[in-house]
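These are the residues of each chain, in order.
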Amino acid sequence: MNNKNSGWHTVLSRCVLVLGIIPIGYADADEDTGELVAIIGAIEAGWEQADGTPFRKHFLDFPGARYIESGGQNEGLTDLVEHHVEPEGDALEGLELSLTNIETHFEGDFAWAIADVEVKALVRKDQRQIHNRGYQTFLFRHVDGQWKVVHTHSSSRPVKKN
């Protein structure tokens, strides 16, 4: 190899080395973990207060969006808010939703969180007590400088009485 090509080869090798150690995509795990946890907290409050505002703010509405809860599903953000979140204020008394032990994971502009979920409420119609525990998964995408929920899946079952 002559000296002229050797210089470019060295520069190219160094660029490849540097690019190999820089993560591709977007993610600042410490800052972003706090943002995801705050979004989940807002969603938790939205459920408890039967308020669709945090969902409209933090969910990415797109064709094909689906949100799953214990075997049921809502297709699209409007369906979730208008046929699930907001009506629960009339259907359930004293709804308490706890999302705890939140784990976050990042891969560039994609992230997911897993949380323990506990739900307590009284069904107004028949005075039945609900006390369920399970897990919830949130999928996020970083869009226009913000993390947005693109999918959720919650599964829980009644807590057994001892």
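The structure under discussion appears in the preceding block.
Residues numbered from 1 in each chain as written. Predicted model: local features only at pLDDT ≥ 70, side-chain atom pairs only at ≥ 80, totals over all residues. Heavy atoms only, no water.

**Topic: the layout of surface pockets**
In this structure, the largest pocket spans a volume of roughly 440 Å³. Along the wall of the largest pocket there are 24 residues; nearest its centre are W47, E69, H84, E88 and V119. When residues of the lining of the largest pocket are traced back to their parent elements, those giving at least two are α2 (29-48), β1 (66-69), α4 (77-85), β3 (92-107), β4 (110-123), β5 (128-143) and β6 (146-158). Sort the elements by how many residues they give to the lining of the largest pocket and β5 lands first, with four residues. The volume enclosed by the second largest pocket comes to roughly 160 Å³. For the lining of the second largest pocket, the element with the most residues is β5, which contributes five residues. Looking at side-chain class alone, the lining of the second largest pocket contains three nonpolar, three polar and two charged residues. (1 Å grid on protein atoms, 1.4 Å probe; cavity = no way out; pocket = protein on both sides within 12 Å on 5 of 7 lines; lining within 4 Å. Points joined across faces, edges and corners; volume = space filled by probe spheres on them. Helix = DSSP H or I, 4+ residues; strand = E, 2+ residues; numbered from the N terminus. Nonpolar A, V, L, I, M, F, W, Y, C, P; charged D, E, K, R; others polar.)

**Quick word on α4**
Three or more residues of α4 are buried, namely L77, L80, V81, H84 and V85. Along the long axis of α4, the arc covered by the buried residues comes to 115°, so they all point the same way. (Buried < 20%, exposed > 50% of the residue type's maximum accessible area, 1.4 Å probe, protein only. Arc of directions from axis to C-beta.)

**Section: the sheet that holds β1**
Strands belonging to one sheet form pairs held by backbone hydrogen bonds; the direction of such a pair is parallel or antiparallel. Reading across from one edge, β2-β1-β6-β5-β4-β3 is the order of the six strands in this open sheet, with mixed pairing throughout. In the strand order of this sheet, the two ends are held by β2 (72-75) and β3, each with one partner. Within this sheet the neighbouring strands show an average axis-to-axis angle of 20°, counted without direction. Taken strand by strand, α4 contacts β1 and β2, and its axis lies near 120° from that of β2. (Pairing = 2+ DSSP bridges. Axes fitted to C-alpha atoms, helices over the stretch in contact; angles between N-to-C directions. Contact = heavy atoms within 4.5 Å.)

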